[in-house]
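# Understanding the architecture of this molecule
Listed here are the chains, written in short residue letters.
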Amino acid sequence: MSKDTIDNVCEEEVYSSLFRAHSKTVFNFIYYKYGNEEKAYDVVQEAFIKLWENCAKVSPEKAKSYVYTIANNLYLNVLKAEKVRLRYANTPQDNSSESPEFLMEEKQYKEKLDRALNQLPENQRTTFLLNRIDGKKYTEIAEMEGVSVKAIEKRMHLALKTLREQIDGI
């Protein structure tokens, strides 16, 4: 390869070598955050499409960092969209047989729980929700997050301790 070819990400050969060298590690990075193979593939594809669209602006030395940043930003955008979707997906259930006091207490408790969960650090919240909502085992969560099982146990302990302090009767 000539010096001119090496300096240009827009060259198919350079772009292909960047894709081959980094697509798997970017996939793993996103997969550990998502825990969803399909979404991780989508994010990797989208990140490399953005690299191709902006190839003239990105030097080969900065391409890896660029792809990771784009992938992480895409991940955060999907998380934000899912959070909004989840908030509006919780449609009220028919609780007509319950007393108004019970319904009010239930609503207040749910709001308290949501506030407490939102105040947890991201890693603790993720661990707590993956375990308690999705039913994932600590080993599965550790694999997804790329940390040890001990780290997951510590996160869960801290999350439960914080939630107990913030919510009476949990």
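I will try to describe carefully the structure that is included in this document. (Residues numbered from 1 in each chain as written. Predicted model: local features only at pLDDT ≥ 70, side-chain atom pairs only at ≥ 80, totals over all residues. Heavy atoms only, no water.)

### A look at the overall build of the chain
Within the chain one finds eight helices and zero strands. Taken from N to C terminus, the helices and strands of the chain fall in the order α-α-α-α-α-α-α-α. Within the chain, buried positions represent 26% of all 170 residues. In the chain, the share of contacts with a sequence separation of at least 24, taken over all contacts with a separation of at least 6, comes to 59%. When the accessible area of the chain is evaluated, it comes to approximately 11700 Å², of which 51% is carbon and sulfur surface. (Helix = DSSP H or I, 4+ residues; strand = E, 2+ residues; numbered from the N terminus. Buried < 20%, exposed > 50% of the residue type's maximum accessible area, 1.4 Å probe, protein only. Contact = heavy atoms within 4.5 Å. Areas by Shrake-Rupley, 256 points an atom, 1.4 Å probe, with all protein chains shown as cover.)

### Notes on helix α8 (residues 149–166)
The end-to-end C-alpha separation of α8 is 26 Å, in line with the 26 Å expected for 18 residues at 1.5 Å each. Every buried residue of α8 is listed here: I152, R155, M156, A159, L160 and L163. The buried residues of α8 occupy an angular sector of 130° when projected down its axis, which confines them to one face. Every exposed residue of α8 that faces more than 90 degrees away from the buried side is listed here: K150, K154, R164 and E165. Looking at the buried residues of α8, the elements they touch are α5 (100–119), α6 (122–132) and α7 (138–145). (Expected span 1.5 Å × (residues − 1). Arc of directions from axis to C-beta.)

### Observations concerning the side chain of R155
Mapped onto the fold, R155 is located in helix α8. On the basis of relative accessible area, R155 is assigned to the buried category, the value being 14%. In contact with R155, not counting residues within four places along its chain, are N123, Q124, T127, E145 and V147.

### What to know about the pattern of salt bridges
In total, this model carries three salt bridges according to the counting rule given. Linking D114 and K110 is a salt bridge whose minimum nitrogen-to-oxygen distance equals 3.2 Å. With D114 and K110 both in helix α5 and four residues apart, this pair spans about one turn of that helix. On the accessibility criterion, D114 (32% relative accessible area) is partly exposed. K150 serves as the salt-bridge partner of E153, at 3.5 Å between the closest nitrogen and oxygen. Taken together, the residues span about one helical turn, with E153 and K150 both in helix α8 at a distance of three residues. (Salt bridge = Lys/Arg side-chain N within 4 Å of Asp/Glu carboxyl O.)

### Things to note about a negative patch on the surface
Together, E38, D42, E46 and E53 make up a region of like negative charge exposed at the surface. Judged by relative accessible area, E38 falls into the exposed class, the value being 60%. (Patch = residues over 30% accessible without salt bridge, like charges linked within 9 Å, V, L, I, M, F, W, Y side chains within 5 Å. Lys, Arg positive; Asp, Glu negative; His and termini not counted. Charge placed at Lys NZ, Arg CZ, Asp CG, Glu CD.)

### Thoughts on the state of the cysteines
Across all of its chains, the model carries one disulfide by this definition. Between the sulfur atoms of C10 and its disulfide mate C55 the distance is 1.9 Å. An S-S torsion of about 95° defines the bridge between C10 and C55 as right-handed. Here C55 lies in the loop between α3 (37–53) and α4 (60–89) and C10 lies in the loop between α1 (3–6) and α2 (12–34), a separation of 45 residues in the sequence. Owing to a relative accessible area of 26%, C10 belongs among the partly exposed residues under this scheme. (Disulfide = S-S within 2.5 Å.)

### Side note on the packing of α6 against α7
Direction vectors running N to C along α6 and α7 enclose 140°, while the axes themselves pass 10 Å from each other. Overall, the two elements α6 and α7 adopt an arrangement that is oblique. Seen from above, α6 lies across α7 with right-handed handedness. Facing T126, T127, L130 and N131 of α6, the residues of α7 in contact are Y138, I141, M144 and E145. A breakdown of the residues in the contact of α6 with α7 according to their chemical character gives four nonpolar, three polar and one charged. (Axes fitted to C-alpha atoms, helices over the stretch in contact; angles between N-to-C directions. Parallel < 35°, antiparallel > 145°, perpendicular 65-115°, else oblique. Left-handed = near helix turned anticlockwise from the far one by under 90°. Nonpolar A, V, L, I, M, F, W, Y, C, P; charged D, E, K, R; others polar.)

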